[in-house]
Amino acid sequence: MGPAVAEIGFDPSPELLRTQYPEAARIIAADGPDARELSHLYLHGVDLKRAADCVEALRPLAAETLSTTAQALWTTAIVCFIKCFGHSNARQRLTADDVYSPGTLDREAFDYFKALRDKHVVHDENVFDQSIVGAVVTAATAQGRKIHHIVNLHARIDVLDQPRWANLELLIKSARAHVEGRISGLTKTLIAELETHS
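This text gives an overview of the structure that appears in the document. All of these numbers come straight from a predicted model, not from anything done at the bench. Residue numbers here run from 1 along each chain, matching the order of that chain's written sequence. Residues qualify for local features only when their pLDDT is at least 70, as the model is predicted, and side-chain atom pairs are given and counted only at 80 or more; totals for whole chains, interfaces and linings, by contrast, use all residues. By convention in this description, side-chain values take in all heavy atoms of the structure and omit both hydrogens and water.

## Here's the deal with the packing of aromatic side chains
Stacked, tilted and edge-to-face are the three classes assigned to paired rings of Phe, Tyr and Trp, where Trp is represented by its six-membered ring and a pair needs centres within 6.5 Å; plane angles under 30 degrees give stacked, over 60 edge-to-face, the rest tilted. A complete count under the given rule lists 7 aromatic pairs for this structure. Pairing Y112 with F113 gives two aromatic rings, centres 5.2 Å apart and planes at 80 degrees, and the pair type is edge-to-face. The buried label goes to any residue with under 20% of its type's maximum accessible area, the exposed label to any with over 50%, and the partly exposed label to all in between, with areas taken from a 1.4 Å probe on protein chains only. Classification of Y112 by relative accessible area gives partly exposed; the value is 29%. Residue classification places F113 among the buried residues on the basis of a relative accessible area of 1%. A connected cluster of aromatic rings, assembled from ring pairs, spans F81, F85, Y100 and F110.

As structure tokens, then:
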């Protein structure tokens, strides 16, 4: 059984058809396993591009890694990258084994970023971010209150540095190449299937 074909519920701009696809008469939507996987891969491509763009936007901030902007870009890059490999009811995930061979340095780096995302960036299940509450005690010779003030010492381990940054950039490039390869193969398959059912 071939893919289901349906008219798309919008009227594409005649300009789009004329400039991008001059020989096109209309646009149809494809359904079926290959079309769904292709749709999911396109969405992964969007997330991976956003991750790559965030890493690229960090370059001018290399000397300011503790700035809010650098930390926000770093966090977004990690989340958008690992999101593609997470469990979701909305789309098929990429599998680490398909993109990064087990036992390789790439896989070790991927596992590091997955754990970093899971235990530090998104959830606080680690020692990277700590708060220590203390009390300022007045000198024995002071009159009045013995406890002057409550203070907080916030300690956060910074994980944004050039080696990690470079590793994340390489991992994103590999994932994008994997997604683009799958998109290319599925596109050819889907075109062939639609040709036989049109």
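Here the narrative resumes, following the displayed structure.
## Brief notes about the pattern of salt bridges
Each reported salt bridge corresponds to a side-chain nitrogen of Lys or Arg within 4 Å of a carboxyl oxygen of Asp or Glu. According to the stated counting rule, one finds 12 salt bridges in the structure shown. As a salt-bridge pair, D47 and R50 come within 3.7 Å of each other at their nearest N and O atoms. Within this pair, D47 and its partner R50 are both found in helix α2 (residues 33-58), separated by 3 residues, close to a single helical turn. For D47, a relative accessible area of 3% corresponds to the buried category. Exposure remark for R50: the relative accessible area of 40% places this residue in the partly exposed category. Of the charged contacts in the structure, one is a salt bridge between K49 and D53, with a shortest N-O distance of 2.8 Å. Placement of both K49 and D53 in helix α2 is noted, with a separation of 4 residues, approximately one turn of the helix. Given the relative accessible area of 41%, K49 is considered partly exposed. Among the residues examined, D53 registers a relative accessible area of 40% and is labelled partly exposed. What emerges from the salt-bridge pattern is a single network uniting D47, R50, K83 and R91. Here a helix means four or more residues in a row that DSSP labels H or I, a strand means two or more in a row labelled E, and each is numbered from the N terminus.

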